[in-house]
Structure formats: structure tokens, C-alpha cells
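# Breakdown of the fold
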Amino acid sequence: MRLDDLALTVLDLPPGSADRAAFDELDPTNPLAADSHGLVGLVASHPVARLTLGVADALVGAPGRSGWIGPVVARDPAVGATLIRAATAQLSALGVRRVLGPLDGGSTWRRYRLVLPPEPDEVTVRPFLTEPQNPPADIEAFTGAGFVPVARYESRIATDLAAVVADPLASAAAIARQTAAGLTTRAIRPDCFETELRDLHALSLAAFADNFLYTPLGWPEFRAMYTKLEPLMVADLVRLAHDGNGRLVGFCFAFPDPLEPGRIILKTLAVHPTARRFGLGARLTDEIHRIALERGAATVIHALMLQTNASVRLSTRSAAPVCRRYALFGCDL
């Protein structure tokens, strides 16, 4: 008998719930935090699906109050859809205008998006570090609950680094304008990591402020996020751009992928709004390609880009084909 043929009982676990065992049983590696709100689907008292949920106000591009659903764990997509519908009904009662998912914690700084099934034009690559991973059933759960893609993302891969380096994105004229404006680039200084990271945090808040569904991230959370990646950091692959006054106005964060020798992950590219007219994004991307080639890397992944972002245009100009697509789902109420 299929799980969706059985009666599903929904167990509500609001923040502070003492007994979170049923939620944790489905994925012990990601237990329910004490301040999180969880739902668990039970069949004959056995947990078969779980998710987190909450509300977020005034997300960029989503005015008013939004509901969010975190990553779904379900043993059957129909059961997952039933639990998502239950979460949507609960969020609707709180006056939200839409529900988005998966959007862990209601923030794009955390886990969100689902990997979509491959399309014929995609280059086949193994999953890379920091990439979301999910079974196709997760997509079926959201679509079965009436959700549709509201934002699409992609990763691309540069496979001929010698050719990319020989034909740089940044023109000589752009480099000349940057020089005249006092803009310089350098590697991050590991011995000043804390200070450099504070500058990266301040720049990230300004550079990403207009991104879809953006919410500011506090310094402690930002520091914790990048401190986890510090062991992977190679100084030359973290490029910083400063203006003539020494203010950080751009950065590109890349690192060797421990899951695939010879592969570099270009994770983040950010330029301050006041410096975007100088073509710094192209220059920083060029520097990553060049350093990757010098280090003997075979490929560079341009990771997890919103399809409407300028970074996709740079990646396309690098002759980097798509290797993965993703989507964030939503449902208007």
C-alpha cells in the first residue's frame, strides 16, 4: 500500500517544543533547532515526512509578508505534498501573501533551491561542494502541492581555461579606466582574516541589497559561514578590489573543490554599486581563471547564479556551458 493511501497525521512542533524526536528521526544529521517551527507527517505513529516553516517580512521582490518552507524530507512525494499543503494552510492563517520553498529560515543566505532534472544541453558533472542536492521526489512534493518555479538559477563550467585566459573578459580599456580611478586588486591576507572578513561582510550587505528575496545577515552569522570555508581557502583565489581610498569595492571568492581534484569553485562575485561601471566583475573573474590555470586546474565552476544576474552574462562570455539548473518554488495565496 502506498503511503499516500494512508491517513496522515500532522504533528505541530512550534519553537521551544521539548519532544523533537519524531522530526529528528527522519534526518538525524539535521535536527530541529530549538527556535525553529517544524511539522512532521505521521502514518500509524511513524514519521514519514518533515519540514520547517515560518514568516518573513519585506523580502526584496516579494512585498508584504511571505511564508517560507524549509527543506522537505519525505519518504514519498505525495506525502511530502500533503505536508506542504498543511504548512501552506497554517501560514495562510498568518496572513502571508505567498509561500516560498525550499527557503530555509526564510533567507537566501541559508539552504534554498532544488536541483532540477538535467536538460539535453547540460554538461554532465559530479556534484560540487556547497551545491544543493535533492532527489527528484522533492520537486514532485512541491509541484504536487501547487507550487511553481518563481526563480531559476544555474551553474556553468569553464573547461578550456587556456582559451578563456587568452581571451579575457576585461578589455584593456576597462583596465585602463580602473587604473585611472585608483582601483587595484590583490589576494586576501590570511594573517588578517578577521579584518578582511569584516570588510567582506560590509561589502556583501551593499552589493547584494537588490538581490531577489534578499535579507541582511548579521556579522556573527556571516563570520560563522565563512569561517567554515576558511580551511579550504587558497589566498590567491580570494580576490579583493579596493578603490584609491583603500575601501573594499569588489571581491571574488573561489576555492579548490575537495570533491573533484583539479576543479575550482567560483562561489561568490560581488561589486559595490558605486564601482559597477568599471567592469570589476570581469577583471576579478579573469583573475580567478588565470590563477586556476596556473595552479593546474582543469575546470572552473561558476556556481549557483540567478539567471537574471550579470554574473551569468560574464559566464556565458567565458564560453562556459550550463552544467546544472535549479529553482526556488512558490505559491501565491
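Below you will find a few notes about this structure. (Residues numbered from 1 in each chain as written. Predicted model: local features only at pLDDT ≥ 70, side-chain atom pairs only at ≥ 80, totals over all residues. Heavy atoms only, no water.)

What the protein contains, in helices and strands, is nine helices and 14 strands. In terms of overall size, the protein behaves like a compact globule, its C-alpha atoms giving a radius of gyration of 22 Å where 333 residues would be expected to give roughly 20 Å. Projected onto its principal axes, the C-alpha positions of the protein cover 70 × 40 × 35 Å. Counting over 333 residues, the protein shows a buried share of 50%. Taking the 33 positively charged and 35 negatively charged side chains of the protein as two groups, their mean positions are separated by 5 Å. (Helix = DSSP H or I, 4+ residues; strand = E, 2+ residues; numbered from the N terminus. Rg over C-alpha atoms; globule rule 2.2 N^0.38 Å. Buried < 20%, exposed > 50% of the residue type's maximum accessible area, 1.4 Å probe, protein only. Lys, Arg positive; Asp, Glu negative; His and termini not counted. Charge placed at Lys NZ, Arg CZ, Asp CG, Glu CD.)

What follows covers the pairing of strand β8 (residues 148-158). The two faces of the sheet receive side chains in turn, since in a regular strand these alternate between them. Examined bridge by bridge, β8 and strand β14 (residues 322-332) share eight bridges and lie antiparallel to one another. Its bridge partner being in β14, V148 is matched across the sheet by G330. Bridging between β8 and strand β13 (residues 299-306) involves five bridges; their strand directions are antiparallel. Bridge assignment links I157 to a residue of β13, and that residue is I301. (Pairing = 2+ DSSP bridges.)

Tracing the sequence through the fold places L161 in helix α4 (residues 161-166). Residues L161 and S318 lie 157 residues apart in sequence; the distance between their C-alpha atoms is 9.1 Å.

In this section: the side chain of D257. When you line up the elements, D257 lands in the loop between β11 (248-256) and β12 (263-271). Only 3.5 Å separates the side chain of D257 from the backbone nitrogen of L129, close enough to count as a polar contact. One polar contact links D257 to R263, side chain to side chain, over a distance of 2.7 Å. The contact partners of D257, leaving out residues within four places of it in the chain, are P127, F128, L129, R263 and I265. (Polar contact = N/O pair within 3.5 Å; in protein donor to acceptor, adjacent residues only side chain to side chain. Contact = heavy atoms within 4.5 Å.)

What follows is about unusual backbone geometry. Between G101 and the following residue, P102, the backbone shows a cis peptide bond with an omega angle of -10 degrees. With a phi angle near 55 degrees, A58 is a residue other than glycine that sits in the positive phi range. Among the structural elements, A58 can be located in strand β3 (residues 46-59). With a phi angle near 55 degrees, A319 is a residue other than glycine that sits in the positive phi range. Along the polypeptide, A319 turns up in the loop between α9 (310-317) and β14. Classification of A319 as exposed rests on a relative accessible area of 61%.

Inspection of the entire model under this criterion finds eight aromatic pairs. With 6.1 Å between their ring centres and 20 degrees between their planes, F142 and F329 make a pair best called stacked. In this pair, F142 sits in helix α3 (residues 136-144) while F329 sits in strand β14, placing the two residues 187 residues apart along the sequence. Relative to F253, the ring of Y226 lies with its centre 5.3 Å away and its plane at 85 degrees, an arrangement referred to as edge-to-face. Pair noted here: Y226 is in helix α7 (residues 219-229) and F253 is in strand β11, with a separation of 27 residues, a long-range link. Assessed through its relative accessible area of 4%, F253 is described here as buried. Site record: aromatic cluster; members linked through ring pairs are W109, F208, F222, Y226, F253 and F255. Cation over ring: R113 sits above Y112, and NZ or CZ is 4.0 Å from the ring centre. Stacked on the ring of Y153, the Lys or Arg R113 has its end atom at 4.8 Å from the ring centre. (Phe/Tyr/Trp six-rings, centres within 6.5 Å; stacked < 30°, edge-to-face > 60°. Lys NZ or Arg CZ within 6 Å of the ring centre and 35° of its normal.)

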